[in-house]
Amino acid sequence: MQTTGLKIGLMGIGLDAYWEQFEGLRQRLEGYLQLVEERIRKIHPTVVNAGLVDTVDKAFATGSRFRQEEVDLIFLYVTTYALSATVLPAVQRTKVPVIILNLSPGPQMDYAAFNAMNDRTKMTGEWLSWCSPCPVPEIANVFKRTGIRFYQVTGMLQEDDSCWNEINEWVEAAKVAHTMAHNRLGCLGHYYSGMLDIYTDLTQQYAVFGGHIELLEVDELSALRKTVAEKEIRERIRLFQDLFDVQPDCPEAELYRAACTSIAMELLVSKYQLGSIAYYYKGTGNTENEDTISSIILGNSLLTANGIPVAGEYEIKNAQAMKIMDSFGAGGSFTEYYAIDFKEDVVLMGHDGPGHLAIAEGKTKVRPLGVYHGKVGKGLSVEMSVKHGPVTLLSVVEATEGKLMLLVAEGASVAGPVLQIGNTNSRYRFPSGARNFINNWNAHGPAHHCAVGVGHIASRIKKLGKLLNMEVVVIET
């Protein structure tokens, strides 16, 4: 799995003509910039601070520095009035999204104290230290006309939780965008034949998310199984028994097969430095491959719980969605509609195959299945529900002309009876009701799979979409 190496560019802006005119103004504004840097570093430690940029020459130098440092995002802190000509070169050369921080020193000026000053020069200097809103329209105009993507945060330097929560979400979204840009997605096997909705243009996935896609053969995984030592298998079985609620009717032979494949999958992940996986293999006509693919669920559940989400049925788009959710710290489990409970007004959703142990309600059960429905083979499977409480659904949708978009909905995982069939299964309630939610979700043409994570994170996903230049649709639930 790729770890984030996100770099945040930070620059303050001002006008050099002011410094000789207004004593102490520059030092005061630099103090504000220092405060912004300290607060951003508490969110993410790697900040490239270019200081107070107040001339065209400094703007060009800042652009060069940001490019050399490979910053992923620029926070442009507007301290006072500044010429757009001293801003544009820095961001134009860097070619990354810009967040304009329009932050006042406090909730309001002390009007009485200000007007009681008997020195007009000092009064102007004081006013200029509160003048951050002044150049923002000018900067926005120039950014619009020159094609620079920018977003705004308006608020206060301190004692403004709403403002700083928004800044925090921008940083989180930038981390996820960076993770996706460096992620290696392994595609193991082939599509489930006939599921036309899950087919996708891999080059378009590169175009939007970046990263790398490795096409893998099940034969290689089968070969890796032969290298696994008996001791490793026994240790993995003990790990299964510790992490899972292994049901008494699970045969020892099936646990043995699953343990062997689990270790082999980790070897495959290590070899190709994978951060996510989509897999499916029909598995007929080759005994070794069928043995491999029918014993893969427990190991893939472990990978999913450890930051390497695994999507079944070769659902590449959903592997991307799961990686996004997991990178936000929300989990990201593979799911689809199971049924509708009209009496309780809930949607039942789940899937066969791997589940995300870290977001399970209680301990995940392991059950033996005599048949994998719609698939070849039999073996062990996991049964879990997502933690009760707020959840977010995410689908990477391939729309008309191959364009990718993000489809999002917020709801709640609720208690109640689920189908005890050895699959993941949860009950979800949406404010608009089950019937309206399903109609609204399906109207946007997603594939039948999606990712589910804990918490309500639609606002963060919307920011990620802006950083990736993707359309984001949030279903009004």
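Refer to the structure printed above.
Let me sum up the structure you'll find in this document.

The rules behind the values
- Residues numbered from 1 in each chain as written.
- Predicted model: local features only at pLDDT ≥ 70, side-chain atom pairs only at ≥ 80, totals over all residues.
- Heavy atoms only, no water.
- Phe/Tyr/Trp six-rings, centres within 6.5 Å; stacked < 30°, edge-to-face > 60°.
- Buried < 20%, exposed > 50% of the residue type's maximum accessible area, 1.4 Å probe, protein only.
- Lys NZ or Arg CZ within 6 Å of the ring centre and 35° of its normal.
- Axes fitted to C-alpha atoms, helices over the stretch in contact; angles between N-to-C directions.
- Helix = DSSP H or I, 4+ residues; strand = E, 2+ residues; numbered from the N terminus.
- Parallel < 35°, antiparallel > 145°, perpendicular 65-115°, else oblique.
- Left-handed = near helix turned anticlockwise from the far one by under 90°.
- Contact = heavy atoms within 4.5 Å.
- Nonpolar A, V, L, I, M, F, W, Y, C, P; charged D, E, K, R; others polar.

1. Observations regarding the packing of aromatic side chains
The way to describe two aromatic rings as a pair is by their centre distance and the angle between their planes. The tally for this structure, following the rule as stated, stands at ten aromatic pairs. Measuring from centroid to centroid gives 6.5 Å for Tyr 18 and Trp 19, while their planes differ by 75°, and the two rings are edge-to-face. Geometrically, the ring pair formed by Phe 240 and Phe 244 is edge-to-face, given 5.8 Å between the ring centres and 75° between the ring planes. Judged on exposure class, the residue Phe 240 and its partner Phe 244 are both buried. Each member of the aromatic cluster is reached from another via a ring pair, and the members are Tyr 18, Trp 19 and Phe 22. Over the ring of Trp 164 we find Arg 39; its NZ or CZ atom is 4.2 Å from the centre of that ring. The ring centre of Trp 170 lies 5.6 Å from the NZ or CZ of Lys 463, which sits over that ring.

2. Observations regarding the packing of helix H11 (residues 230-243) against helix H14 (residues 297-305)
Packing of H11 against H14 leaves a shortest axis separation of 12 Å and a crossing angle of 65°. Relative to H14, the element H11 is oriented roughly perpendicular. Of the two possible hands of crossing, H11 and H14 adopt the one that is left-handed. Across the interface between the two elements, Arg 236, Leu 239, Phe 240 and Leu 243 from H11 touch Leu 298, Gly 299 and Leu 302 from H14. Split into classes, the residues belonging to the contact of H11 with H14 amount to five nonpolar, one polar and one charged.

3. Here we look at the packing of helix H10 (residues 218-225) against helix H12 (residues 252-272)
Here H10 crosses H12 at 115°, and the two axes come no closer than 8 Å. The handedness of the crossing between H10 and H12 is right-handed. Residues Glu 220, Leu 221, Leu 224 and Arg 225 of H10 form the contact with H12, whose own contacting residues are Arg 257, Cys 260, Thr 261, Ala 264, Met 265, Leu 267, Leu 268, Lys 271 and Tyr 272. Residues that form the contact of H10 with H12 fall into these classes: eight nonpolar, one polar and four charged.

4. Observations concerning unusual backbone geometry
Phi at Glu 70 takes a positive value of approximately 55°, unusual for a residue other than glycine. Examined against the element boundaries, Glu 70 turns out to sit in the loop between helix H3 (56-69) and strand S3 (73-78). A relative accessible area of 62% means that Glu 70 is categorised as exposed. Its identity is not glycine, yet Lys 95 carries a phi of approximately 60°, on the positive side. Inspection of the secondary structure assignment puts Lys 95 in the loop between helix H4 (88-94) and strand S4 (98-104).

5. Details of the environment of Leu 215
Relative to the helices and strands, Leu 215 is located in strand S7 (residues 212-216). Given the relative accessible area of 56%, Leu 215 is considered exposed. Distance in space between the C-alpha atoms of Leu 215 and Leu 185 is 8.6 Å, their sequence separation being 30 residues. Once residues within four sequence positions are removed from consideration, Leu 215 is found in contact with Cys 187, Leu 202 and Tyr 314.

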